[in-house]
Amino acid sequence: MTDTADPPRNSVLSMREVRMRFGKTYALDGCSFDVMRGSVTALVGRNGAGKSTLMSVAVGLLTPQSGTVSVLGRSPDHRGISPGLSYLAQHKPLYGKFTVAEMLRFGQRTNAQWDNAYADRLVSEADVPQGAKIKSLSPGQRARIAVALALGRRPDVVLLDEPLADLDPVARRSVAQTLMRDAAEHGTTVVLSSHVLVELTDVADQLLLLDRGRIRLTGGLDDLLGDHYLLTGSGDAQPALGQGVIIESRNGTRASTYLVHGQRPMHLGEWLLEQPSIDEIVLAHLAAQKEERA
């Protein structure tokens, strides 16, 4: 949903026409969307699309020039991260000289709502020694500690900026499984950003595609897959298209392939219909936006 209407009742994070400018450059330019309670949402876009700015606005670290932001039914608290929220920045801020145990005690002492047993369990499952210095840990281990601190707050909504970046496949899978389990067991709403969609397709059930400060595509992954199809053949495609809208064309020597948004046609003739991947859908919409700007 990207209009100016009031947020739906089950929305835990919404923005309406939010604009955030740095100098003459808009990082967010009329950004509108909703994140529904209990969802795991992939926030994707190119580097520089505005993902980190969007998250900083959502948690109250930045104040936009215009527009409205609602988190858990209220405006962000600009004195600090609001109750019910957790935010993990891209650089995963941890104190390198602390041990893991000291880092967890820091989390306990700086959060009024803290589940020490749960944070300890997450660290134990990561097989990270509590006496180890943070600076001695691998990137994957540091990510697991950072996620344990974020979830130890027992948030209703957790926002994670590039949480899987620079992790090897094993560490990426472990972090993803932790987030998915937390969402399933505790109903936590999770928003993860990445410029690499493939990192998030096994985790998320919702998509927000951000490009040049605006949401260009949003919806459930299954719905988006059902609303798009590939049509391959030669000749006039219009009879097979029906009411579909071509998002991307790929012209070959013997056949053309169209990525189409819309209801699937009843009569294909000699045209072949196939299912695109979510990567193909996202890349096609990004390319279409680039052509529109050109």
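Before any of the text, the structure's been laid out above.
To start, this report covers the structure provided alongside it. For clarity, every value in this text was computed on a predicted model and none was experimentally measured.

As for the overall build of the protein
(1) Moving on: Along the protein, the regular secondary structure elements total eight helices and 13 strands.
(2) Moving on: Computed over the C-alpha atoms, the radius of gyration of the protein is 21 Å, within 12% of the 19 Å expected from 2.2 N^0.38 for a compact globule of 294 residues.
(3) Moving on: Expressed along its principal axes, the backbone C-alpha trace of the protein runs to roughly 70 × 40 × 35 Å.
(4) Moving on: Classification of the 294 residues of the protein by burial places 49% in the buried group.
(5) Moving on: Within the protein, counting contacts between residues at least 6 apart in sequence, those at least 24 apart form 67% of the total.
(6) Moving on: For the protein, the exposed area adds up to about 14,600 Å²; of that, 48% sits on carbon and sulfur atoms.
(7) Moving on: Counting 32 positive and 33 negative side-chain charges, the protein places the centres of these two groups 9 Å from one another.

Let's talk about the nonpolar core
(1) Moving on: Residues Ile145, Leu160, Leu192 and Leu207 are the most contacted members of the largest nonpolar core, which totals 55 residues.
(2) Moving on: By residue number, the principal contributor to this core is helix 4 (residues 139-152), which donates eight residues.
(3) Moving on: Excluding residues within four positions of it along the chain, Leu192 makes contact with Val40, Thr41, Ala42, Leu43, Met55, Leu160, Pro163, Leu179, Leu200 and Val203.
(4) Moving on: Judged by nonpolar contacts, the second largest core, of 26 residues, contains Phe33, Leu43, Val69 and Ile215.

Criteria and cut-off values
- Residues numbered from 1 in each chain as written.
- Predicted model: local features only at pLDDT ≥ 70, side-chain atom pairs only at ≥ 80, totals over all residues.
- Heavy atoms only, no water.
- Helix = DSSP H or I, 4+ residues; strand = E, 2+ residues; numbered from the N terminus.
- Rg over C-alpha atoms; globule rule 2.2 N^0.38 Å.
- Buried < 20%, exposed > 50% of the residue type's maximum accessible area, 1.4 Å probe, protein only.
- Contact = heavy atoms within 4.5 Å.
- Areas by Shrake-Rupley, 256 points an atom, 1.4 Å probe, with all protein chains shown as cover.
- Lys, Arg positive; Asp, Glu negative; His and termini not counted.
- Charge placed at Lys NZ, Arg CZ, Asp CG, Glu CD.
- Core = buried A, V, L, I, M, F, W, Y, C linked by side-chain atoms within 4.5 Å.

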